[in-house]
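Architecture at a glance
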Amino acid sequence: MQHADDAQLMRLIAQGERPAFELLLERHIDPLYNYALRLCGSHAQAEDLVQETWLTVWEKAHTYRSRKAGVATWLHRIVHHRFIDLTRRRSRRNEVSTTQLDVADQATMSTPATVEPVSDAGDEAAALYAALDSLPVEQRAAVMLRHAQGFANPQIARIMNTSTRAVESLLARGKRALRASLNAPQTHTDPGHKSNA
């Protein structure tokens with residue numbers, strides 16, 4: 001079973017084969033979790049999204065059609081749509097938005113949970129993730145799917161339920177915003193220095 005491809009595993013999962021489910025989970029859980037974390041900015045919410053995704057995989061494996069999308073694309077599509085559903089529920093309840101996280105969550109957002117930056121590149125990685133987190137959700141999703149998850153634009157379009165042209169636009173705007181954010185002069189305030197303004 002270790003040598004089975006993802007589509008073969010999906011067929012086995014549809015037949016109720018638990019070992020196939022566990023192997024597929026092992027192959028894909030880290031990239032799914034990292035994507036969910038960048039989307040929602042909260043470890044707890046990312047874990048919930050990923051758990052819901054795997055529950056869907058177990059229950060709906062029989063609906064997967066390999067000719068429509070690869071397994072990784074299908075899995076990311078589920079995560080993405082679970083996140084959209086979560087966002088809609090939160091807006092209906094007028095809860096705190098994802099940009100108003102508590103201090104503890106903000107401290108953990110500097111890097112994805114399972115990715116440790118190289119020490120001398122830590123500041124650059126933290127700046128990149130902060131810039132990503134400041135993007136509108138759809139732009140952030142497109143950029144992450146393209147550059148962190150490695151999907152091609154047509155796959156991203158399928159995941160996000162949009163057109164390839166819309167993905168290209170989201171990527172272009174997201175990259176421009178990232179460049180502007182990363183190239184903006186950083187202001188460091190000296191605690192002992194008082195402004196004359």
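Our structure's up above, just so we're on the same page.
Since we're looking at a predicted model, the values are computed, not measured.

Attention now goes to helix 3 (residues 43-60). Taking 1.5 Å per residue, 18 residues should reach 26 Å; helix 3 reaches 25 Å between its end C-alpha atoms and fits that length. Listing the buried residues of helix 3 in full gives His 43, Gln 45, Ala 46, Leu 49, Val 50, Thr 53, Trp 54, Thr 56 and Val 57.

A positive phi angle, near 55 degrees, is found at Asn 161, a position not held by glycine. Summarising the element assignment, Asn 161 is placed in the loop between helix 8 (153-160) and helix 9 (164-183).

So, on to the pattern of salt bridges. Counted according to the given criterion, the structure contains four salt bridges. Here Arg 18 and Glu 22 are joined by a salt bridge, their closest N and O atoms 3.8 Å apart. Within this pair, Arg 18 and its partner Glu 22 are both found in helix 2 (residues 18-40), separated by four residues, close to a single helical turn. Glu 22 gets classed as partly exposed once you look at its relative accessible area, which sits at 46%.

What follows concerns helix 8. Buried residues of helix 8: Asn 153, Ile 156, Ala 157, Ile 159 and Met 160, and no others. When helix 8 is viewed along its axis, its buried side chains cluster within an angular range of 165 degrees and face the same direction. Asn 161 occupies a position one or two residues after helix 8 and carries a positive phi of about 55 degrees.

Parameters and conventions
- Residues numbered from 1 in each chain as written.
- Predicted model: local features only at pLDDT ≥ 70, side-chain atom pairs only at ≥ 80, totals over all residues.
- Heavy atoms only, no water.
- Helix = DSSP H or I, 4+ residues; strand = E, 2+ residues; numbered from the N terminus.
- Expected span 1.5 Å × (residues − 1).
- Buried < 20%, exposed > 50% of the residue type's maximum accessible area, 1.4 Å probe, protein only.
- Salt bridge = Lys/Arg side-chain N within 4 Å of Asp/Glu carboxyl O.
- Arc of directions from axis to C-beta.

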